[in-house]
Amino acid sequence: MRNRPINDVHVLTRPEGPALDHAPHLRLITLFLAMTAPLTVIALRVTILKITAGEEFIGRWDQPVETFEPIVSRDGRVLTTDGRVLAYDAPQFNLAIHYRWFEEPVDPDWLTHQARAQLQPGERNDADALEAARASVLKQREALIDAISDVSRLPREEVLSRCRQEQRRIERIYEHVSSAREQRLATDQAPTTDAEDGDEGGWWDRQWRTLKSELTTPPRRAVRDPLVITEQETDHVIVEDVSLEVVAVVESVPSRFPGVRVRQSTRRVYPEGTFASHLIGVRTPLTGEEYRERTRRYPEGDPLNLDVGDRVGRSGIEESYDAELRGRAGLRRIVRDQRGNVLHESILREPLHGRDVVITIDSRLQARAEVLLDRTLRGTDATEPSAGGNAAPPKGGCIVALDVHTGRVLAAAAAPRHDARLLVDYDSEEWQRMLSDPRRPFFPRVTQMTIPPGSVFKTLTAVAMIESGMIDPEAHYHCRGYLEIPSRDRCYIFRHYGVGHGDMNLESALCQSCNVYFFDAARRIGPATIHEWAARFGLGRPTGADVDGEQGGHLPDPHVSSTDEPWYPGTTRQFAIGQATLTVTPLQVARMMAAVANDGYLVEPRFREERPQVDSDRQSASPIQLVGHATESSGVRSRIIGLSSETLVRVRSGLRQVVEHPRGTGKRVRMEQVPIAGKTGTAEIGGGRNDHAWFAGYAPADNPQVAFVVVLEEGGSGGRVAGPVAREFVESLLEFGILRRAPEVE
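Rules and cut-offs
Residues numbered from 1 in each chain as written. Predicted model: local features only at pLDDT ≥ 70, side-chain atom pairs only at ≥ 80, totals over all residues. Heavy atoms only, no water. Helix = DSSP H or I, 4+ residues; strand = E, 2+ residues; numbered from the N terminus. Buried < 20%, exposed > 50% of the residue type's maximum accessible area, 1.4 Å probe, protein only. Contact = heavy atoms within 4.5 Å. Areas by Shrake-Rupley, 256 points an atom, 1.4 Å probe, with all protein chains shown as cover. Patch = residues over 30% accessible without salt bridge, like charges linked within 9 Å, V, L, I, M, F, W, Y side chains within 5 Å. Salt bridge = Lys/Arg side-chain N within 4 Å of Asp/Glu carboxyl O. Pairing = 2+ DSSP bridges. Axes fitted to C-alpha atoms, helices over the stretch in contact; angles between N-to-C directions. Phe/Tyr/Trp six-rings, centres within 6.5 Å; stacked < 30°, edge-to-face > 60°. Arc of directions from axis to C-beta. Polar contact = N/O pair within 3.5 Å; in protein donor to acceptor, adjacent residues only side chain to side chain. pLDDT = per-residue confidence, 0-100. Core = buried A, V, L, I, M, F, W, Y, C linked by side-chain atoms within 4.5 Å. Expected span 1.5 Å × (residues − 1).

## Focus on the overall build of the protein chain
Phase 1 of the analysis: Broken down by element type, the protein chain carries 27 helices and 19 strands.
Phase 2 of the analysis: Taken over 746 residues, the protein chain has a buried fraction of 45%.
Phase 3 of the analysis: Counting only contacts in the protein chain whose residues sit at least 6 apart along the sequence, the fraction spanning at least 24 positions is 74%.
Phase 4 of the analysis: Counting every atom, the protein chain has about 38,400 Å² of accessible surface; 52% of that belongs to carbon and sulfur.

## Focus: the environment of Ala677
Phase 1 of the analysis: Following the sequence through the fold, Ala677 ends up in strand E17 (residues 677-683).
Phase 2 of the analysis: Between the alpha carbons of Ala677 and Ala707 there is a distance of 9.5 Å; along the sequence they are 30 residues apart.
Phase 3 of the analysis: Discounting residues that sit within four places of it in the chain, Ala677 has contacts with Leu655, Arg656, Val659, Gly697, Tyr698 and Ala701.

## Some points on a nonpolar patch on the surface
Phase 1 of the analysis: Judged by side-chain polarity, Leu26, Ile29, Phe32 and Leu33 come together as a nonpolar surface patch covering roughly 400 Å² of accessible area.
Phase 2 of the analysis: For Leu26, the position within the fold is in helix H2 (residues 24-51).

## With respect to the sheet that holds strand E8 (residues 330-336)
Phase 1 of the analysis: Ordered in space as E1-E8-E9, the 3 strands form an open sheet in which the pairing is antiparallel. Looking at the sheet topology across the chains shown, the edges are occupied by strand E1 (65-71) and strand E9 (342-349). Geometrically, the sheet is characterised by an average inter-axis angle of 25° between neighbouring strands, direction not taken into account.
Phase 2 of the analysis: Note that E8 and E9 share 6 bridges and pair antiparallel. From the neighbouring strand, Arg336 faces E9, where its bridge partner is Val342.

## Brief notes about the packing of aromatic side chains
Phase 1 of the analysis: In total, this model carries 9 aromatic pairs according to the counting rule given.
Phase 2 of the analysis: Their ring planes at 85° and their centres at 5.4 Å tell us that Tyr99 and Phe102 sit as a pair that is edge-to-face. Of this pair, Tyr99 and Phe102 both sit in helix H4 (residues 99-102), separated by 3 residues, roughly a single helical turn.
Phase 3 of the analysis: Assessed through its relative accessible area of 2%, Phe102 is described here as buried.

## Structural notes on unusual backbone geometry
Phase 1 of the analysis: The omega angle of the peptide bond from Glu104 to Pro105 is -5°, so this bond is cis rather than trans.
Phase 2 of the analysis: The residue Arg153 is not glycine, and still its phi comes out positive at about 65°.
Phase 3 of the analysis: You can see Arg153 is positioned in the loop between helix H6 (127-152) and helix H7 (156-189).
Phase 4 of the analysis: On the basis of relative accessibility, which here comes to 77%, the residue Arg153 falls in the exposed class.

## Focus on the pattern of salt bridges
Phase 1 of the analysis: Tallied over the full model, the rule gives 52 salt bridges.
Phase 2 of the analysis: The salt bridge partner of Arg256 is Asp150, with a shortest N-O separation of 3.1 Å. Of this pair, Arg256 sits in the loop between helix H10 (244-252) and strand E5 (260-269) while Asp150 sits in helix H6, placing them 106 residues apart in sequence.
Phase 3 of the analysis: In this structure, a network of salt bridges that share partners links the residues Asp75, Asp89, Arg268, Arg283, Arg311, Glu318, Asp322 and Arg326.

## Quick look at the pairing of E8
Phase 1 of the analysis: Strand direction decides the pairing type here: E1 and E8, joined by 7 bridges, are antiparallel. Its bridge partner lying in E8, Phe68 is registered against Arg333.

## Re H10
Phase 1 of the analysis: Residues of H10 that are buried: Val246, Val247 and Val250. Looking straight down H10, one finds that the buried residues subtend no more than 100° of arc, so they occupy a single side. Seen from the buried face of H10, the exposed residues on the opposite side, beyond 90 degrees, are Leu244, Glu245 and Ser252.
Phase 2 of the analysis: Considering only its buried residues, H10 is in contact with strand E3 (85-98), H6, strand E4 (235-242) and E5.

## Regarding the side chain of Arg445
Phase 1 of the analysis: For Arg445, the location among the structural elements is in helix H17 (residues 445-448).
Phase 2 of the analysis: Side-chain polar atoms of Arg445 contact the side chain of Glu713, separated by 2.3 Å.
Phase 3 of the analysis: If near-sequence neighbours (up to four positions away) are discounted, Arg445 is found in contact with Lys395, Gly396, Gly397, Cys398, Ala414, Ala415, Pro416, Arg439, Arg440, Pro586 and Glu713.

## Observations concerning the sheet that holds strand E12 (residues 409-415)
Phase 1 of the analysis: Read from one edge to the other, the open sheet built from 5 strands follows the order E12-E11-E19-E18-E17, with strand pairing classed as antiparallel. A single partner strand is all that each edge strand has here, and the edge strands are E12 and E17. With direction set aside, neighbouring strand axes in the sheet form an average angle of 5°.
Phase 2 of the analysis: Examined bridge by bridge, strand E11 (residues 396-403) and strand E19 (residues 706-713) share 8 bridges and lie antiparallel to one another. Of the residues in E19, the one forming a bridge with Gly396 is Glu713.
Phase 3 of the analysis: Along the sheet, helix H26 (residues 645-660) makes contact with E17 and strand E18 (692-699), crossing E17 at roughly 70°.

## Points about the confidence of the model for the protein chain
Phase 1 of the analysis: For the protein chain, the mean per-residue pLDDT works out to 85, and 84% of the residues sit at or above 70.
Phase 2 of the analysis: Averaged pLDDT values for the elements of the protein chain fall to 32 in helix H25 (residues 623-626) and rise to 98 in E19.
Phase 3 of the analysis: Overall, residues 8-12 carries pLDDT values under 50, and its contacts beyond four positions in sequence, including any with other chains, amount to 1 contact.
Phase 4 of the analysis: Here residues 613-633 is modelled with pLDDT under 50, and outside its nearest four sequence neighbours on either side it reaches 48 contacts, counting other chains as well.

## A short note on the pairing of E18
Phase 1 of the analysis: The element E18 is extensively covered by neighbouring structure, given that 8 of its 8 residues are classed as buried.
Phase 2 of the analysis: Residue alternation in E18 divides its side chains into two sets, His692, Trp694, Ala696 and Tyr698 and Ala693, Phe695, Gly697 and Ala699, and both sets are buried.
Phase 3 of the analysis: Of the pairings in the sheet, the one linking E17 to E18 comprises 7 bridges and is antiparallel in character. Paired with Ala683 across the bridge in E18 is His692.
Phase 4 of the analysis: Pairing geometry for E18 and E19, over 7 bridges, is antiparallel. By the bridge assignment, Phe695 is partnered in E19 with Val710.

## A closer look at the environment of Leu325
Phase 1 of the analysis: Tracing the sequence through the fold places Leu325 in helix H14 (residues 322-325).
Phase 2 of the analysis: Relative accessible area serves as the criterion here: at 0%, Leu325 is assigned to the buried category.
Phase 3 of the analysis: Counting along the chain gives 237 residues from Leu325 to Tyr88, while the straight-line C-alpha distance between them is 9.9 Å.

## Side note on the nonpolar core
Phase 1 of the analysis: With 91 residues, the main nonpolar core has Ile317, Tyr517, Phe537, Phe607 and Trp694 as its most contacted residues.
Phase 2 of the analysis: Sorting elements by how many residues they give to this core places helix H24 (residues 586-597) first, with 9 residues.
Phase 3 of the analysis: Not counting the four nearest positions on each side in its chain, Tyr517 is found in contact with Met465, Ile471, Asp472, Ala475, Tyr477, Met504, Asn505, Leu506 and Ala509.

## Concerning the side chain of Ser73
Phase 1 of the analysis: Tracing the backbone shows Ser73 in the loop between E1 and strand E2 (78-80).
Phase 2 of the analysis: Exposure remark for Ser73: the relative accessible area of 10% places this residue in the buried category.
Phase 3 of the analysis: Residues in contact with Ser73, not counting those within four places in the same chain, are Asp89, Thr266, Gly327, Arg328, Ala329, Pro351, Leu352 and His353.

## Overview of H24
Phase 1 of the analysis: For H24, with 12 residues, the first-to-last C-alpha span of 17 Å sits near the 16 Å given by 1.5 Å per residue.
Phase 2 of the analysis: H24 sits mainly inside the fold: 12 of its 12 residues count as buried.
Phase 3 of the analysis: Pro586, Leu587, Gln588, Val589, Ala590, Arg591, Met592, Met593, Ala594, Ala595, Val596 and Ala597 are the residues of H24 that are buried.
Phase 4 of the analysis: Downstream of H24 by a residue or two, Asp599 has a phi angle that is positive, lying close to 70°.

Structure representation (structure tokens):
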């Protein structure tokens, strides 16, 4: 049995190896499970993501947008010494609308996501529900315009017009950014040529660079990310300067005003209108073009940190003390979702308010001076025809008064004047009317009007004559009304009455303004001496006053004769009486008179009152804190080199006679209450126009405290027109207690 043969067929069909090889149905089941299990996991995951995690992916699209907004700061005020507020920042509330809420046509992605936000998660795949939500958002947009129109009391068309205007501005920004982006991408993706890569190294090096470039350079994207600029994701002011009642309505019913925020700002207010408008100046926002110019000028960064819309001083005190007046805006960080809803706010930098600036002028005296000028320009005062003109009211004028010892400017009035509010609240009709006024109401005459001084300049010529040592002030010279020929080099009285002054010495020549006396003296001492002393008195250059834009006038130099300005013998004579090409500003003449009055010291005119700082944080103080705390200051002044007191005694005596002598040209200025010294001037300008009328002096004559100048453009005779105005001005100095009489010695 053990040796029986083996059945070969039975051996070959016996099961061997894994059981699956002998059970096909098990193999199919295993394959089915292997394929079904991962698909089941994927399906479960998709279901979970669709049902339970949809908001997570929507949130990823709805990434918060971070923006930064300035926090408004206040610029400092401009006040007078007696607490009168001439300029200040007033709070202003504006309504700002998120760009997507007024964009036309509406952005489809924004509309879809805004609609989805109004639906429950389970409804967001319902096409009908989503379409209804879109229609609801569109109705909200329409209702928002109506709500803004209703609350602001602006016509709907006006609100829409402002929205369209703002959209056009943002679209221009978008086009500019898009163009710059396209240029940058074109430059970045431009293929490099062999010439650009260079041929160094041969074929192997070029192949290596090509391989390296292919491996390390990211592929070019066929579809670029959509361009979105910040302006499209923030809100923009549509309605300015709304009342607190409007603010309350908007903030109390936010559902009626979706996408609307109340933004606070300030506006510059000039409550006094035309009062001292030339002196105060104006502050207006920095324009886009100015900002770009500053960016080009300061490539390393603007040292003032100015941005578009920041206010800067343009003229007057506002410009001169811009750095102190200007506040620094704070900075707020705002986080919004893609629908414009504010998620979080934080303050990164606190605002810093500007300092107040107190100016030296006395508001009562300034107001009175302006009234005097306005009345004179209206023609209510007597005027007379000059040598070549007809009787007519002056074209303009100004009055300047300053402390003879410190240079503090007590009044700086000009006429005609503009309303400072016009430069802030634009009125096209009024603006055109002012621009077309030939009297130039925007012109700051105190510091920029340069005209011939006429006989007022004889005060300085008298100083030069005495200091030259060539003229005896006591010696007499006979005036027959003209120097050599009756038709030229004449005195005023000879032109009008055909007579001369007779025997004249220095004092009487000043008193009666004898041209012939000064003609003769000028040709003896020469023009160089007069020029030298005029320069020592500061003529021909700005006085150094703390107001930007001051002009220096023109002091002709006899040493520099040219074809444009030749110097003839007759030029010397005209120069001596304040004519020729000599021009000065009223402020220069006031300083010249102050130097004569204070025994030879040139003061530096100051428009700002020096006061102690009220705090260290540049916070604006109240008028009560400021008034009454002025510090005594001697001012900036310098002794005029070589000027003797004896010379000034003689000149001051002559100036006093101008007012007190019966034949003095300034006798209309004389007052019983206080002695006045000064000099009249009638400056010829030709062309058939009236002469400029001047009176410059100081008071009291025996104890000088205030130097002043009255000048009337094309006003006629200085004595007849400017003199009476000067007299009333001195009366105001007494009335307001600015002039103090020295105590009488018993």
